[in-house]
Amino acid sequence: MHKEQYLYRTVYDDLRKKIQEGELAAGQKLPPEQEMSQTYGVSAITVKKALSMLAADDLVRRVRGKGSFITGEEERKGGIQSRGKEKQPLIGAIFEHISSSFGLELLYEMERIARQEGYRLFPCFSYGDRKLETETIRCLTDMEVAGMLIMPAHGRHYSREILRLVLADFPVVLVDKKMEGIAVASVRTNGEEAMQQLVHYLAERGRKQIALVTVEEVGTSTLIERRAGFYQGMEAEGLIPCPECRLPYLNYENPFQVYGEVYREQIRQYLKAWRGSLNGIVCAEYGVAMEVTAALKELDCGDAIEVCCIDENYIGPGQYRLTHVKQDEKKMAGCAMDLLLKKIRGEELEKENYLIPGIFRKRPEEK
């Protein structure tokens, strides 16, 4: 097998050849997927993907609960073929969460591109719950999606289910995060560069007593990269960073109240202790920035400390309020979909790690 060739393509090519040469006759039932996975020395996911491709070519008819059967010439020309044209292949998308500050535009653009390319996007959400993420991946696999776009849930260890997809050479692209040391395509914002831009902006405005407010990384590459970018930016400006405020990671049991009072109280206590030493704050996430600005207002010191962040809210009157770096969701979606479609077609990728530059935007009064 060539390096760029996926394992499921090997199974597909072998079965297709046997069907075309008559070794597998019309109406013949194929062995169970588990038996075929042992025969070919691949995973069940790999076999399932190969059978899905054969079904899309009208060479195999899959009957739920009964198995897979070789189609005959007449069957291929008739009902099965016309039915196959009506049924669009699916692409699964698993988001940790989305909001007006990040994710909505990403989802819309992915759906538009999928539809344009003859697929239907099937979006799902994990809400940061690894168990739910695992269940959703298995559900999408059973639905025989052509590939998956996954925004992985936070966790101290890699998701076994995502690793299983990667080892099976199943078409998958990670969005917004990467898995260090694992050969899986990843598309995300250049977080280090974005944080350096925000630090430079504050320093240029004479705000040089700067602190970072972020969330505990819990294994997520995104926050690790943003935190590194902040300290790189401070070093480049020749500044000594103020003590940071690192908040505990919270899951998304209620996706509309991720931060709330838990974060605000901790931020309030942090500001009471350090506000006299600060004149600038960089927040690694928009939701955190909103809690910081709310706490500053409560403490009546909002003008003395300028806040900037990654992402902002673009829905509602007034658009955005803070200087920020907007993630280029449209470009991220285009890159992720392009990579996934290439993987579905079995093409070799030029590279697998893509960093998309963010869009720097000053707050309205500073334009």
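Residues numbered from 1 in each chain as written. Predicted model: local features only at pLDDT ≥ 70, side-chain atom pairs only at ≥ 80, totals over all residues. Heavy atoms only, no water.

*Asks:* Got a minute to help me understand the packing of aromatic side chains in this structure?
*Replies:* Each aromatic ring pair is characterised by the separation of its centres together with the angle its planes make. All told, the structure shown has five aromatic pairs when counted by the stated rule. Judged by centre distance (5.4 Å) and plane angle (50 degrees), the rings of Tyr 314 and Tyr 320 are tilted. In this structure, Tyr 314 and Tyr 320 share a single accessibility class: buried. Each member of the aromatic cluster is reached from another via a ring pair, and the members are Phe 95, Phe 125 and Tyr 127. Geometry around Tyr 314 places Lys 326 over its ring, the cationic atom sitting 4.7 Å from the centre. (Phe/Tyr/Trp six-rings, centres within 6.5 Å; stacked < 30°, edge-to-face > 60°. Buried < 20%, exposed > 50% of the residue type's maximum accessible area, 1.4 Å probe, protein only. Lys NZ or Arg CZ within 6 Å of the ring centre and 35° of its normal.)

*Asks:* Would you explain the pairing of strand 12 (residues 323–326) in this entry?
*Replies:* For a regular strand, the rule is simple: side chains alternate between the two faces of the sheet. Burial of the side chains of strand 12 extends over both faces: Thr 323 and Val 325 are buried on one face and His 324 and Lys 326 on the other. In this sheet, strand 12 lies alongside strand 11 (residues 306–310) in parallel orientation, the contact comprising three bridges. Residue pairing for strand 12: Ile 310 is matched across the bridge by Val 325. Alignment of strand 12 against strand 14 (residues 359–361), held across three bridges, turns out to be antiparallel. Directly across from Lys 326, in strand 14, lies its bridge partner Ile 359. (Helix = DSSP H or I, 4+ residues; strand = E, 2+ residues; numbered from the N terminus. Pairing = 2+ DSSP bridges.)

*Asks:* Can you help me understand the sheet that holds strand 5 (residues 147–150) in this one?
*Replies:* The strands making up a sheet are joined through hydrogen bonds of the backbone, oriented either antiparallel or parallel. Strand order in this open sheet of six strands is 4-3-5-6-7-13, and the pairing throughout is parallel. Single-partner strands in this sheet number two, and they are strand 4 (120–125) and strand 13 (353–356). With strand direction ignored, the average angle separating the axes of adjacent strands in the sheet is 20 degrees. Direction of pairing for strand 3 (residues 90–95) relative to strand 5: parallel, over a ladder of four bridges. Within strand 5, the residue paired with Ile 91 across the bridge is Gly 147. In this fold helix 6 (residues 104–116) packs onto strand 3, strand 4, strand 5 and strand 6 (172–175), with an angle of close to 150 degrees to the strand it touches most, strand 4. (Axes fitted to C-alpha atoms, helices over the stretch in contact; angles between N-to-C directions. Contact = heavy atoms within 4.5 Å.)

*Asks:* Looking at this model, I keep getting lost on unusual backbone geometry. Mind explaining?
*Replies:* Generally, phi is negative for residues other than glycine and the peptide bonds are trans, each holding for most cases. At Tyr 127, a residue that is not glycine, the phi angle is positive and equals roughly 55 degrees. For Tyr 127, the position within the fold is in the loop between strand 4 and helix 7 (130–142). Residue classification places Tyr 127 among the partly exposed positions, given a relative accessible area of 33%.

*Asks:* Explain the pattern of salt bridges to me, please; I cannot follow it from the model alone.
*Replies:* When the charged atoms of two side chains lie near each other, side chains of opposite charge can form a pair. One pass over the structure, following the stated rule, counts 24 salt bridges. Among the ionic pairs, Asp 14 bridges to Lys 18, the shortest N-O distance being 3.2 Å. Linking Asp 14 with Lys 18, this pair stays in helix 1 (residues 7–20), spanning four residues, or about one helical turn. When its relative accessible area of 24% is taken as the criterion, Lys 18 is described as partly exposed. Among the charged side chains, a network of salt bridges with common partners joins Arg 264, Glu 265, Arg 268, Glu 291 and Glu 298. (Salt bridge = Lys/Arg side-chain N within 4 Å of Asp/Glu carboxyl O.)

*Asks:* Could you clarify how one ought to interpret the sheet that holds strand 12 in this entry?
*Replies:* An order of 9-8-10-11-12-14 is seen for the six strands of this open sheet, with the pairing classed as mixed. Bordering the open sheet on either side are strand 9 (245–247) and strand 14, each of which pairs with just one other strand. Strand-to-strand twist in this sheet, taken as the mean axis angle between neighbours without regard to direction, amounts to 15 degrees. Relative to strand 10 (residues 280–283), strand 8 (residues 210–215) is paired through four bridges, and the arrangement is parallel. Bridge pairing links Ile 210 to Gly 280 in strand 10.

*Asks:* How should the pairing of strand 5 be read in this particular structure?
*Replies:* What you see with strand 5 is no split at all: Gly 147 and Leu 149 on one side and Met 148 and Ile 150 on the other are buried throughout. Strand direction decides the pairing type here: strand 5 and strand 6, joined by three bridges, are parallel. Bridge pairing in strand 6 links Met 148 to Val 172.

*Asks:* How do you make sense of the side chain of Lys 48 when you look at a structure like this?
*Replies:* Topologically, Lys 48 is positioned in helix 3 (residues 44–56). When residues no more than four places from it in sequence are discounted, the contact partners of Lys 48 are Glu 33, Arg 62, Thr 141, Asp 142 and Glu 144.

*Asks:* Looking at this structure, I do not really get the confidence of the model for the protein chain. What am I missing?
*Replies:* Close reading of the predicted structure is inappropriate where its pLDDT is low. Averaged over all residues, the pLDDT of the protein chain is 86; the fraction at 70 or higher stands at 89%. Note on residues 79–86: pLDDT under 50 across the span, and six contacts to partners over four residues away in sequence or across chains. (pLDDT = per-residue confidence, 0-100.)

*Asks:* Would you mind going over the packing of helix 6 against helix 13 (residues 329–344) with me for this structure?
*Replies:* Each pair of packed helices gets described by two things: the angle between the helix axes and the distance between those axes. Two elements in contact, helix 6 and helix 13, have axes separated by 8 Å at closest approach and are oriented at 40 degrees. Taken as axis vectors, helix 6 and helix 13 run oblique relative to one another. Handedness of the crossing formed by helix 6 with helix 13: right-handed. Listed contacts from helix 13 to Leu 104, Glu 105, Leu 106, Glu 109, Met 110, Ile 113 and Ala 114 of helix 6 are Glu 329, Lys 330, Met 332, Ala 333, Gly 334, Ala 336 and Met 337. (Parallel < 35°, antiparallel > 145°, perpendicular 65-115°, else oblique. Left-handed = near helix turned anticlockwise from the far one by under 90°.)

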